[in-house]
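Structural characterization, general
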Amino acid sequence: MRLLAAALTLLPAALSAQTLPCAPRERVLAFVIDERGETRLATGEAARGASVELYASDSGSWTLLLNLPDGRACLLANGENFTATGGLQPARGNPA
């Protein structure tokens, strides 16, 4: 978990918007919310005024977004079979 947190902190500096699929935030949210049926589950602040958001749906689809200070949102990752853990879990041991 610390490695992920460290990586997310460095993302705005390490990855340029040219290497990520980015678009105006409202356009990205229309895709995530309206087309994928996902709702926001978590947010976090990142470096240089950026933030991250995790979205998921009851069907198991999930999306991780990086929001940039200039109003764009970038798709960091997405997938299927998302399962909520019911609160914060320890970073070690069984991930389920």
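Positions within a chain are numbered from 1, following the residues in the order the chain's sequence is written. Reporting of local features is limited, given that this is a predicted model, to residues whose pLDDT is at least 70; pairs of side-chain atoms are given and counted only at 80 or more, and all residues count toward the totals for whole chains, interfaces and linings. Excluded from the side-chain calculations are hydrogens and water; all other atoms, namely the structure's heavy atoms, are used.

What follows concerns the pairing of strand β4 (residues 62–67). Of all six residues that make up β4, five are buried, and the element is covered over most of its length. In terms of strand pairing, strand β3 (residues 51–56) meets β4 through six bridges, oriented antiparallel. The residue of β4 that forms the bridge with Leu54 is Leu64. The loop that links β3 with its antiparallel partner β4 comprises five residues; one of these, Gly60, has a positive phi angle of about 105°. Only strands joined by at least two bridges in the DSSP assignment are considered to pair. For helices the rule is a DSSP run of H or I covering at least 4 residues; for strands it is a run of E covering at least 2, with both sets numbered from the N terminus onward. Where β4 and strand β5 (residues 72–79) come together, six bridges link them in antiparallel fashion. Residue pairing for β5: Leu65 is matched across the bridge by Leu75. The turn linking β4 back onto β5 is made up of four residues, and Gly71 within it adopts a positive phi angle of 100°. Each residue is placed in one exposure class: buried if its accessible area under a 1.4 Å probe, protein chains only, is under 20% of its type's maximum, exposed if it is over 50%, and partly exposed if it falls in between.

Only one rule defines a salt bridge in this text: a Lys or Arg side-chain nitrogen within 4 Å of an Asp or Glu carboxyl oxygen. For the structure shown, the criterion picks out five salt bridges. In this structure, Arg25 and Glu53 form a salt bridge, with 2.7 Å as the shortest nitrogen-oxygen distance. Residue Arg25 is located in helix α2 (residues 25–35), and its partner Glu53 is located in strand β3; the two are separated by 28 residues in the primary sequence. Of the residues examined, Arg25 reaches a relative accessible area of 23% and is grouped as partly exposed. According to the relative accessible area criterion, Glu53 is buried, its value standing at 3%.

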